[in-house]
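Below are the chains, spelled out letter by letter.
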Amino acid sequence: IIMASFDPQKIPAYPSNMQQPKVVLLWSSLSTNSGQSSKQKQMHDLLVGKKIRFELLDGSQEDQRANRNHFFGISKLRGKYPQIFIVKDNNQNIEFKGMDDDIQELIDIEQFDNIFQDTFKDGYGPKAKKQVNNNNNNMQQQQQAMGGGYQQQQPQQGGYNQYQQPQQPQQAGYNQYQQQPQQGGYQQNQQIAANKQKYQLPKGGYQPKKPLPRKALPSKPLPKKALPSNPPKGNQYGGGGGMGGYQQQNQYGGGGGGGY
């Protein structure tokens, strides 16, 4: 005989005065199957972890035979454990929700909380969450009405400074320390650059200009001045005493008296 792996004394036995709707876990404290005992503990731990209001109905106890058979008649599954039921309306309305495999499927498709939302303790579950959200919204509306434009403080993002002016996006190649050309002086800057290029020395330093080639002289000789064809006579140009000229010739001629 395999005993239950959890303490049934911590959970009330069906029926009790527990608030409804509530869950009833039909199980057996005397199990002949290790797998069945493990599944019973799994369902027990699930209900405890979800904070569900639930009771235990031990089908192996003789004093619970009538209740056990009543629940078997609702589920149409006799002698099988564990089984999960929802009980409400002062035990007059009992709904069979399935065995451990069915409950696990509800968890996998995230529908367990919706189906068991009325059985959560202390306001847990989807309804309670919705109620909390509604309360928060009502509180914000009241604060806005009382404070006149109350605004919830937004969380500061990393490094945010409310006194810092927003920076404009920088263009590609922008340098904030480089002097930017002023508008309207573009043509003047272009003229200055052209003048610099005009008077810029060539590579290698100053190069003197080459001398201009000399003008070629004419190849033909200048014409000689025309001379008289007949030599002049001795007294032709002399005006008066031709003796002087004759005496000069006689000097080299070796003698002679006066002139002709």
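First things first, this report covers the structure right here in the doc. (Residues numbered from 1 in each chain as written. Predicted model: local features only at pLDDT ≥ 70, side-chain atom pairs only at ≥ 80, totals over all residues. Heavy atoms only, no water.)

Right, let's talk about the nonpolar core for a bit. Nonpolar side chains tend to gather and get buried jointly when the protein is soluble and globular. Within the largest apolar cluster, 18 residues are counted, with the highest numbers of intra-cluster contacts made by V23, L25, L47, I84, I103, F112 and F116. Mapped onto this core, the elements with two or more residues apiece are β1 (22-27), α1 (34-49), β2 (54-58), β3 (83-88) and α3 (100-108). Not counting residues within four places of it along the chain, the set of residues in contact with F112 comprises L46, L47, K50, I52, I103, L106 and I107. (Core = buried A, V, L, I, M, F, W, Y, C linked by side-chain atoms within 4.5 Å. Buried < 20%, exposed > 50% of the residue type's maximum accessible area, 1.4 Å probe, protein only. Helix = DSSP H or I, 4+ residues; strand = E, 2+ residues; numbered from the N terminus. Contact = heavy atoms within 4.5 Å.)

Let us look at the sheet that holds β3. What the 4 strands build is an open sheet, ordered β2-β1-β3-β4; its pairing is mixed. The open sheet terminates on both sides in strands that have one partner only, identified here as β2 and β4 (93-99). Neighbour-to-neighbour, the strand axes of the sheet open up by a mean angle of 25°, direction not taken into account. Direction of pairing for β1 relative to β3: antiparallel, over a ladder of 5 bridges. The residue bridging V24 from the neighbouring strand is F85, located in β3. Of the strands in this sheet, β1, β2 and β3 touch α1, which is tilted by about 165° from β1. (Pairing = 2+ DSSP bridges. Axes fitted to C-alpha atoms, helices over the stretch in contact; angles between N-to-C directions.)

Below, the discussion takes up α1. Because an α-helix packs 3.6 residues into every turn, residues spaced three or four apart end up facing the same way. Look at α1: 22 Å from first C-alpha to last across 16 residues, which is about the 22 Å you get at 1.5 Å a residue. Residues of α1 that are buried include every one of Q36, S37, Q40, M43, H44, L46 and L47, and no others. In this structure, the buried side of α1 is in contact with β1, β2, β3, α3 and α4 (112-115). Measuring from the backbone nitrogen of G35 back to the side-chain oxygen at the start of α1 gives 2.7 Å, which picks out N33 as the cap. At the exit of α1 stands K51, carrying a positive phi of roughly 60°. (Expected span 1.5 Å × (residues − 1). Polar contact = N/O pair within 3.5 Å; in protein donor to acceptor, adjacent residues only side chain to side chain.)

Moving on, we get to unusual backbone geometry. Omega for the peptide link from Y14 to P15 comes to -5°, which places this bond in the cis form. Inspection of the secondary structure puts P15 in the segment before β1. The peptide bond linking Y81 to P82 adopts the cis configuration, its omega dihedral lying at -5°. Considering the arrangement of structural elements, one finds P82 in the loop between α2 (65-75) and β3. At D89, a residue that is not glycine, the phi angle is positive and equals roughly 60°. By the element assignment, D89 lies in the loop between β3 and β4. Given the relative accessible area of 51%, D89 is considered exposed. Positive phi values are uncommon outside glycine, yet E110 reaches one of about 60°. In this fold, E110 is placed in the loop between α3 and α4.

A few words on the environment of S75. Among the structural elements, S75 can be located in helix α2. Residue S75 is classed as buried on the basis of its relative accessible area, which comes to 8%. Measuring from C-alpha to C-alpha, the distance between S75 and M99 comes to 9.5 Å, with 24 residues separating the pair along the chain. Once residues within four sequence positions are removed from consideration, S75 is found in contact with Q83, F85 and F96.

What follows concerns the pairing of β4. Where β3 meets β4, 6 bridges bridge the pair, whose relative direction is antiparallel. Within β4, the residue paired with Q83 across the bridge is M99. Counted between consecutive antiparallel strands, the loop separating β3 from β4 contains 4 residues, among which D89 sits at a positive phi close to 60°.

A word on a negative patch on the surface. Together, D101, D102, E105 and D108 line one region of the surface with negative charge. Inspection of the secondary structure puts D108 in helix α3. Judged by its relative accessible area of 55%, D108 is exposed. (Patch = residues over 30% accessible without salt bridge, like charges linked within 9 Å, V, L, I, M, F, W, Y side chains within 5 Å. Areas by Shrake-Rupley, 256 points an atom, 1.4 Å probe, with all protein chains shown as cover. Salt bridge = Lys/Arg side-chain N within 4 Å of Asp/Glu carboxyl O. Lys, Arg positive; Asp, Glu negative; His and termini not counted. Charge placed at Lys NZ, Arg CZ, Asp CG, Glu CD.)

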